Structure formats: structure tokens, C-alpha cells
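Chain by chain, the residues:
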Amino acid sequence: MSMKSDDAGKAALEHLGFSVRKLSELNEQKRADFIATHGGITLLVECKLRKDDPAEKKRMDAVLAEGRVYESKHELGPHNSHSKNIRQAFDQLMQEQSEEHDYKVLLYVADCENASAVCEQILDTLYGATSVFLPDGGVTRELPCFFYHPSEFFNANGIDAAIVGYQYEGNWDLVLCLNSFSDRYLDLRESALEQLFQGSAVDPLEEEACGTALVVDSAAPRLEGKAKVFARHFSSMDPVLRFLESKYEFRKNSLVQGNMKTPLFVVRVAKDAD
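Residues numbered from 1 in each chain as written. Predicted model: local features only at pLDDT ≥ 70, side-chain atom pairs only at ≥ 80, totals over all residues. Heavy atoms only, no water.

> Would you mind showing me how to read helix α4 (residues 115-127) here?
An α-helical segment advances 3.6 residues per turn. Residues three or four places apart therefore align on the same side. Across its 13 residues, α4 extends 18 Å between first and last C-alpha, which sits within 8% of the 18 Å expected from 1.5 Å per residue. The buried count for α4 comes to 11 of 13 residues, which makes it a mostly enclosed element. When α4 is considered as a whole, its buried residues turn out to be Ala 115, Ala 117, Val 118, Cys 119, Gln 121, Ile 122, Leu 123, Asp 124, Thr 125, Leu 126 and Tyr 127. Gly 128 occupies a position one or two residues after α4 and carries a positive phi of about 55 degrees. (Helix = DSSP H or I, 4+ residues; strand = E, 2+ residues; numbered from the N terminus. Expected span 1.5 Å × (residues − 1). Buried < 20%, exposed > 50% of the residue type's maximum accessible area, 1.4 Å probe, protein only.)

> In this structure, what is going on with the sheet that holds strand β5 (residues 103-111)? I would like to understand it.
Whenever strands of a sheet pair, they do so through backbone hydrogen bonds, lying parallel or antiparallel. The sheet built from seven strands is open, its strands ordered β1-β2-β3-β5-β8-β9-β10 with mixed pairing. In the strand order of this sheet, the two ends are held by β1 (19-22) and β10 (201-202), each with one partner. With four bridges connecting them, β1 and strand β2 (residues 34-38) associate as antiparallel partners. The residue of β2 that forms the bridge with Arg 21 is Ile 35. The strands that helix α3 (residues 80-94) touches are β3 (41-51) and β5; relative to β3, the one it contacts most, it runs at about 150 degrees. (Pairing = 2+ DSSP bridges. Contact = heavy atoms within 4.5 Å. Axes fitted to C-alpha atoms, helices over the stretch in contact; angles between N-to-C directions.)

> Just to check I follow, could you spell out the packing of aromatic side chains for this structure?
Describing an aromatic ring pair means giving the distance of the ring centres and the angle of the ring planes. Overall, the coordinates contain seven aromatic pairs when judged by the stated rule. Seen in terms of ring centroids, Tyr 127 and Phe 153 are 5.2 Å apart; in terms of plane orientation they differ by 75 degrees. Their pairing is edge-to-face. Here the residue Tyr 127 occupies a position in helix α4, and Phe 153 occupies one in helix α5 (residues 152-155), the gap between them amounting to 26 residues. Pairing Tyr 248 with Phe 250 gives two aromatic rings, centres 5.9 Å apart and planes at 35 degrees, and the pair type is tilted. Aromatic rings pair up to connect Tyr 127, Phe 146, Phe 147, Phe 153, Phe 154 and Phe 181 into one cluster. Taking NZ or CZ as reference, Lys 22 lies 5.5 Å from the ring centre of Phe 34, over its face. (Phe/Tyr/Trp six-rings, centres within 6.5 Å; stacked < 30°, edge-to-face > 60°. Lys NZ or Arg CZ within 6 Å of the ring centre and 35° of its normal.)

> How should I be thinking about unusual backbone geometry in this particular structure?
When glycine is set aside, most residues are seen to have a negative phi, and most peptide bonds are trans. The phi dihedral of Phe 147 is positive, around 70 degrees, even though this residue is not glycine. One can find Phe 147 in the loop between β7 (139-146) and α5. For Glu 169, which is not glycine, the phi torsion reads 50 degrees and is therefore positive. One can find Glu 169 in the loop between β8 (161-168) and β9 (171-178).

> When you look at the pattern of salt bridges in this model, what are you seeing that I'm missing?
Between side chains of opposite charge, pairing is possible as soon as their charged atoms come close. Under the defined criterion, the tally for this structure stands at 15 salt bridges. In this structure, Lys 247 engages Asp 217 in a salt bridge whose closest nitrogen and oxygen atoms are separated by 3.0 Å. Taken together, the residues span a long stretch of sequence, with Lys 247 in helix α10 (residues 239-248) and Asp 217 in the loop between β11 (214-215) and α9 (225-233) at a distance of 30 residues. The exposure class of Asp 217 is partly exposed, given its relative accessible area of 47%. Because the salt bridges share partners, they merge into one network encompassing Asp 6, Lys 22 and Asp 33. (Salt bridge = Lys/Arg side-chain N within 4 Å of Asp/Glu carboxyl O.)

> Any chance you could explain the packing of α3 against α4 here in plain terms?
Packing of α3 against α4 leaves a shortest axis separation of 9 Å and a crossing angle of 65 degrees. As α3 runs across α4, the sense of the crossing is right-handed. Residues His 82, Ser 83 and Ile 86 of α3 form the contact with α4, whose participating residues are Val 118, Gln 121, Ile 122, Thr 125 and Leu 126. Of the residues contributing to the contact of α3 with α4, the split by class is four nonpolar, four polar and no charged. (Left-handed = near helix turned anticlockwise from the far one by under 90°. Nonpolar A, V, L, I, M, F, W, Y, C, P; charged D, E, K, R; others polar.)

> Where do I start with the sheet that holds strand β12 (residues 256-257) in this structure?
In spatial order, the strands read β11-β7-β6-β12; together these four strands make up an open sheet with mixed pairing. Of all the strands in the sheet, just β11 and β12 have a single pairing partner and so form its edges. Sheet topology note: the strand β6 (residues 130-136)/β12 ladder contains two bridges and is antiparallel. Residue pairing for β12: Phe 133 is matched across the bridge by Val 256.

> Even after reading the chapter, I still don't get the pairing of β7, so can you show me in this structure?
Working note: regular strand, side chains alternate between the two faces of the sheet. By the bridge criterion, seven bridges tie β6 to β7 in an arrangement that is antiparallel. Counted as the bridge partner of Thr 130 is Cys 145 from β7. A loop of two residues connects β6 with β7, the two strands running antiparallel in sequence, and Gly 137 in this loop sits at a positive phi of about 60 degrees. As paired strands, β7 and β11 are joined by two bridges and run parallel to one another. Residue pairing for β11: Cys 145 is matched across the bridge by Leu 214.

Written out as C-alpha cells, the structure reads:
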């Protein structure tokens, strides 16, 4: 059965051990969903739920009803529909004036087909992420690159973190995404919240320090439209790659963008008739 946003959010937070209190609307004004407390910290939480597109769900049901194979396609990379939800969550979190809290957190739950791929889309949208090929001692490595594309975390630095995940066969798969542009980032990375996600947290600056990721931490111009497509084929024209070469002291024109937004597929087969 499909979940409702409040039910999904409450269940995910309680799975993490939080005590959860639903916030009622004030004077018909939209506000965040929950106050959640655990381990001496208090979170203000806005929950967003990603569901299947109704038209696509109808097509899937029709395909399965005919006993045929249904394919679900999802492209990696930032996605406009996720951007809209994140910006709405930011507005609702920032409007809260009456409830004391330590951190503002977006909880984004995928209740849809191919939920793991959709969660990857959400992370790419939060972080403006891609991957970059770089030379390394005669071989080429591919590393994740945070904030390569326009990033919702950069634009919504009032959100301290996001919890992203889905439920599968009664179990929750959740990851904590730290916003390194938040004023409370340094405090949050040492908090009880971060400790709940040992091994399941994304921290761009920690990954950069470990040499496992690149970070675009400047206002280097991001290409749009035809210029962006052009730079995919002629990487020497990409100003973000040039910034990264300067920052990390790579050889000029040695970096190439990696991830080409490869479609991911999940296949469902209709059940045999009884």
C-alpha cells in the first residue's frame, strides 16, 4: 500500500530512534512537519515523498496485466522535480519561528519503483553532483565531484542536512547528507545525528580530505543550455573543470566530466495467474 508523506516521515524518524511530534498548521500557513528529538538534539523536519508518476503507474499496471515485462528508466544527475520539492521544503523550514530546534532537516522518502535509483537522483540534486575523470600515474581514475552542477544545498544553505532513503520489505535504507554550506556544518558533523549514520553519511569535505572526491567550492560559472552540451564534447571549454585543475594542481586540460546520466533500469514481471 502506498504511504502518505506524514506516515512515511514519522516511520523513518522513529526507525532512527527519534521521538516525533507532528506540528499543526498555524493560521492556515504552511510550516514544517515535525519536531524530532533524540540523543540531546532537536530537529525541525520537513518530509517530502517521491511517488510514481500517475501516468507511468497506469502504464506499468497495464503492461503487467498483459503479462508483459515492464521496464522502469531513471537517469542519474540533478532532476528538476526534486529541485522543486527541496525548495518547497526550504521555504517551510525557514518559516518556523515558534519551535526551538538545533538543526533544520529535509527528510526525502522515495515510495516508488526503482527507489534506490530515485534516491541517487535526489543526492545528485542536493549536491549538484557528477563524476570527473582525472589522470593518476598513467591511469585514469573516476571520482565523484560535489557542486559541479547548480546545487540545491548551495542555494538553500539554511537546510543543515537531508535524510534520504526508502523502505524495502519492512527495512529502511537511509543516508544522512550534510550540507557543507550550512553555518552549522562543523557542529553537525560532530553531533549525535551524524553519529546515528556511521557508515551511511555523505560529507563532501570529509571525502575531499580523504582524497575520494572533488569539491567545487567557488562561484565558478556553471554552463547552461547549448553551452553545457557543447562542453560535454569539448571539455577544454568547461570553466568548472578549469577551476578544479587550478585548485588541485592538475595538469591543464587534463580533466574530463565523467557521469553521462546513464539510465538505470528495473524490470518487473507480472505474477503467474493462480
